[in-house]
Amino acid sequence: MRKFVVEGESDAPVAPQKLADEIMGVAASHNAEKGAVDAAPWVEREGKCGHLVPRCNCGGAQVHMADDYNEGGEGACLAIVTSLGLGDFDSTYHSCLDLLASSSSPSPSQSQCGAPPPTSASGMGHKWFDLNRLLASTIDPINTYVDADNDESEFRCECTCCGGGGGGKWRALALLVLRSLYNWKPSLFKEYRPHLVFPSEGLRIAVKNSSTESLRILKGVLDTACLNKPRLDVDTAGMTQEEKRKYEEAKAMWCAGTYLRGVCLFHGIGTPEDKSGALLLDLECEPYGFGPSLFNIGWCYEEGKGGVERDFAKARQFHLSAAEKGHAGSQVSLALMCKEGRGAGKNLEEAVRLFQKNCEQESVYGYSNLALCFKFGRGVNQDEAEATRLLKLAVEQGDPWSQRKLGLQASVGPTESLRLFRLAAAQGDTLAQRELAKALLTGQGTTSHLPNPTLAVKFYKLAADKGDRTAQEHLGLMYFEGAGEEVPEQHHLAVKYFRQAANAGSLMAQNNLALCYNRGYGVPVDLREAFRLYTLSATSGDRTAQFNVALCYVMKEGAGTTRDVREALRWFRLAADQNQTTSVTVMKRVRTGTDLLTALRIHSST
């Protein structure tokens, strides 16, 4: 049996047996069926415990546990694990929301977002509980929301119910299960922003907000769920209906617990990260046909993770098994593999069929990918109207990729485009942040119709800080040239962003950074460094840089290099071939018999 290590306490493995005995001991005292469970012939016993986790009525899950043990959340966690395994998605979903709400809910005086408090301890009332903002603040540390009617406004919610005020005790487990559940049945998340439960960074932040004690209990809960591995070589023909139910329940509990232990290992939640160990746990679930584990195995082979070599054929096989069981994530993965011809030949028609199947589960990934198929006529007849309809369905669920794509369509108009860019940008979509900055810089779509360079810089920075090269280029130009009184020239900042973009391979930024070194804008003059950067950009084909390299060679003393008229002529010719204006004019005179230096003097005097 795999052991976990308690973070911050000891490097020695910690057996969950004591905790398991506590949980099961208290529950067993309320469980009249204990003897029958202990005697189950189909359990492979591990450790001291030789019985199933007791059952309780929690959200409809077929799991029994003492009500008075739910106070700390352990009973609720066990119920979540079991209901997940049994495929009782609705119970799993609402139980996760209950855990999030109960661990993060504010008193009436604490709430800063106008959300009314719950009326009772049970039935928390998810209408008041803002999962959107809880997840957004958990995953996006920027958490910036700009009001559509006020270019200057910004909304930051710091209250406990929205997650800004610190962590809920069980947030890690709840987000962990929600993340898995969306992959399985996305229609449950229709009213929220489903993509927010995916990023690993969100899980890591959730862990930081959970105490060491709650992580210890989480590990204990998952280990308890996995104490008894049901055998598969069981003849169920002679079983009573009750015995069959218990057998299926045991398999569900074990698979769900083992799967979630693997997710904890993969992401380093409460235990050192071990991607290979996580894959081994998923492989243990494979014979049981557990959809989420089949998806994880397929993903590992698809990406070459978990200690296995990339193997698209195997990935396709596992995704197919999970997709046949209705796993939404595998439907999309398999469709993309069919569309791109990975693991087998291209099959656009099959990809469309799988995307359509995924759309039946109201998945934003099905909607958005099928929209691309209709837009470009891949596997279906081209239909722009249908593509737009599907994008709108994804937009209704808050998908930032679809918000940005729909915003880029000219048919929606500048005002609606700006609104969609704002929505996507607020969720951290880098390209939307850049598009929003571009629109704000021109004032297009804003209520005032006036440029807002200050806000444009803000959103360019958000994108640039995440490595967007185009945003870095634009920021460099804004600081180099200035953008009115609001954004004055600041050459040292221009150099900063030109350098970032140049290091990322931007030819324009390499040329502009060279100009800064050549003229001493924001840095000391360094002609050799300027020539190096000009040459770097010119060699890759930038026509302005080619013209500048030619000038360096033609200068009387040379500029960062020795004078070489023949080499200058070669670079002028290359730039002229790409229609660089001055080079075209100079080369026309050279072709009529004028020498290069005279041609340059004539051009300078006109």
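Summarised in this report is the structure supplied together with it. (Residues numbered from 1 in each chain as written. Predicted model: local features only at pLDDT ≥ 70, side-chain atom pairs only at ≥ 80, totals over all residues. Heavy atoms only, no water.)

1. Considerations on the pattern of salt bridges
Two side chains with opposite charge may pair up if their charged atoms get near one another. One pass over the full model with this rule turns up 19 salt bridges. A salt bridge links E302 to R342; the shortest N-O distance between them is 3.1 Å. Residue E302 is located in helix α11 (residues 291-303), and its partner R342 is located in the loop between α13 (328-340) and α14 (348-359); the two are separated by 40 residues in the primary sequence. Considered together, E302 and R342 belong to a single accessibility category, that of buried residues. One salt-bridge network, in which partners are shared between bridges, spans E242, R245 and E249. (Salt bridge = Lys/Arg side-chain N within 4 Å of Asp/Glu carboxyl O. Helix = DSSP H or I, 4+ residues; strand = E, 2+ residues; numbered from the N terminus. Buried < 20%, exposed > 50% of the residue type's maximum accessible area, 1.4 Å probe, protein only.)

2. Let's talk about unusual backbone geometry
Phi at E362 takes a positive value of approximately 60 degrees, unusual for a residue other than glycine. Positive phi values are uncommon outside glycine, yet H449 reaches one of about 60 degrees. As for its position among the elements, H449 is in the loop between α19 (430-442) and α20 (453-464).

3. With respect to the side chain of S363
Tracing the sequence through the fold places S363 in the loop between α14 and α15 (364-376). Contact partners of S363, with chain neighbours within four places excluded, come to Y182, P186 and N358. (Contact = heavy atoms within 4.5 Å.)

4. A closer look at α19
In a regular helix each residue adds 1.5 Å, so 13 residues correspond to 18 Å; α19 covers 19 Å between its end C-alpha atoms and thus fits that length. Lining the buried residues of α19 we find α17 (400-407), α18 (414-426), α20 and α21 (469-481). A distance of 3.3 Å separates the backbone nitrogen of L431 from a side-chain oxygen at the start of α19, and that oxygen is part of D429. The first or second residue beyond α19 is G443, which carries a positive phi of 80 degrees. (Expected span 1.5 Å × (residues − 1). Polar contact = N/O pair within 3.5 Å; in protein donor to acceptor, adjacent residues only side chain to side chain.)

5. A few points about the packing of α17 against α18
Where α17 meets α18, the axes come as close as 8 Å, and the angle between the chain directions of the two elements is 160 degrees. Accordingly, the angle class assigned to the pair α17 and α18 is roughly antiparallel. Of the two elements, α17 crosses α18, and the hand of that crossing is left-handed. Residue-level inspection shows P400, Q403, R404, L406 and G407 of α17 in contact with α18, the latter providing S417, L420, F421, L423 and A424. (Axes fitted to C-alpha atoms, helices over the stretch in contact; angles between N-to-C directions. Parallel < 35°, antiparallel > 145°, perpendicular 65-115°, else oblique. Left-handed = near helix turned anticlockwise from the far one by under 90°.)

6. Focus on the environment of D564
Relative to the helices and strands, D564 resides in the loop between α25 (543-554) and α26 (565-577). When the C-alpha atoms of D564 and C552 are compared, they prove to be 8.9 Å apart, with twelve residues separating the residues in sequence.

7. Regarding the nonpolar core
Counting 63 residues, the largest nonpolar core has L260 and L370 as its most contacted members. Judged by nonpolar contacts, the second largest core, of 61 residues, contains L462, F480, A514 and A530. (Core = buried A, V, L, I, M, F, W, Y, C linked by side-chain atoms within 4.5 Å.)

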